[in-house]
Amino acid sequence: MSEPATPSTGDDWLETELPRVKDEHVHDPRDDWYTEDDLVENGYRREALVDLFGHPIPGHDGVPGWTVSSVAKIELTQLAPAYELLRSAFGTFDDEADTMTSRVFHYFN
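Residues numbered from 1 in each chain as written. Predicted model: local features only at pLDDT ≥ 70, side-chain atom pairs only at ≥ 80, totals over all residues. Heavy atoms only, no water.

## Side note on the pattern of salt bridges
1) Next: By the definition in use, this model includes 3 salt bridges.
2) Next: Close ionic contact of arginine 46 with glutamate 36 constitutes a salt bridge, the shortest N to O distance being 2.7 Å. Of the two residues, arginine 46 sits in the loop between helix 2 (36-41) and helix 3 (49-53) while glutamate 36 sits in helix 2, which places them 10 residues apart along the sequence.
3) Next: Arginine 46 sits in the partly exposed class, given a relative accessible area of 38%.
4) Next: Put simply, glutamate 47 and arginine 45 hold a salt bridge, and the shortest N to O gap is 3.3 Å. No difference in accessibility class separates glutamate 47 from arginine 45, as the two residues are exposed.
5) Next: Within this structure, Glu36, Asp37 and Arg46 form a network of salt bridges that share partners. (Salt bridge = Lys/Arg side-chain N within 4 Å of Asp/Glu carboxyl O. Helix = DSSP H or I, 4+ residues; strand = E, 2+ residues; numbered from the N terminus. Buried < 20%, exposed > 50% of the residue type's maximum accessible area, 1.4 Å probe, protein only.)

## Considering the packing of aromatic side chains
1) Next: Applying the stated criterion across every chain, the model contains 2 aromatic pairs.
2) Next: Here tyrosine 44 and phenylalanine 53 contribute two aromatic rings whose centre-to-centre distance is 5.2 Å and whose plane-to-plane angle is 80°, an arrangement assigned as edge-to-face. Take tyrosine 44 and phenylalanine 53: they sit in the same class, and that class is buried.
3) Next: A network of ring pairs unites the aromatic residues Tyr44, Phe53 and Trp66 as a single cluster. (Phe/Tyr/Trp six-rings, centres within 6.5 Å; stacked < 30°, edge-to-face > 60°.)

## A few points about the side chain of aspartate 38
1) Next: Among the secondary structure elements, aspartate 38 is positioned in helix 2.
2) Next: Overall, aspartate 38 belongs to the buried group, its relative accessible area being 18%.
3) Next: Beyond its immediate chain neighbours, meaning those up to four positions away, aspartate 38 contacts Arg30 and Trp33. (Contact = heavy atoms within 4.5 Å.)

## Some remarks on the sheet that holds strand 2 (residues 57-58)
1) Next: Taken together, the 3 strands give an open sheet; going across it, the order is 1-3-2, and neighbouring strands pair in antiparallel fashion. Single-partner strands in this sheet number two, and they are strand 1 (33-34) and strand 2.
2) Next: Relative to strand 3 (residues 64-67), strand 1 is paired through 2 bridges, and the arrangement is antiparallel. The residue bridging tyrosine 34 from the neighbouring strand is tryptophan 66, located in strand 3.
3) Next: Contacts from helix 4 (residues 68-90) reach strand 1 and strand 3, with the element oriented near 60° to strand 3. (Pairing = 2+ DSSP bridges. Axes fitted to C-alpha atoms, helices over the stretch in contact; angles between N-to-C directions.)

## A short note on the pairing of strand 3
1) Next: When strand 2 meets strand 3, the two strands line up antiparallel, connected through 2 bridges. Note that in strand 3 the partner of isoleucine 57 across the bridge is glycine 65.
2) Next: With antiparallel pairing between neighbouring strands as the criterion, strand 2 and strand 3 make up a hairpin whose turn holds 5 residues, including aspartate 61 at a positive phi of roughly 60°.

## Quick look at the confidence of the model for the protein
1) Next: Averaged over the protein, the pLDDT score is 74; the fraction of residues at 70 or greater is 56%.
2) Next: Here residues 17-26 is a poorly scored stretch, pLDDT under 50, and it has 2 contacts once near neighbours within four places are set aside; other chains count. (pLDDT = per-residue confidence, 0-100.)

What follows is the structure, given as structure tokens:
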């Protein structure tokens, strides 16, 4: 019959594992979250946020907002293609007399 395994009494695994763990980045949940103010600082109009991204939901610490991944998905799949289409169809949006400005003005006034 073989000898029963003798458990190690030393904590040598702690010495090799803990230094690696203490140097790792601890993920901050806030890194995955946009508040209304964050999006406004990134150039979005406050009034357009719900139309673009839906109603905000309570996030970390109850702060309302949107996940970074949901905003990125909408930007990638909806906003960027629409912007490129409009830009190629109407040209610059800087001139007050451009076609898009006059058409939008016509529909909303």
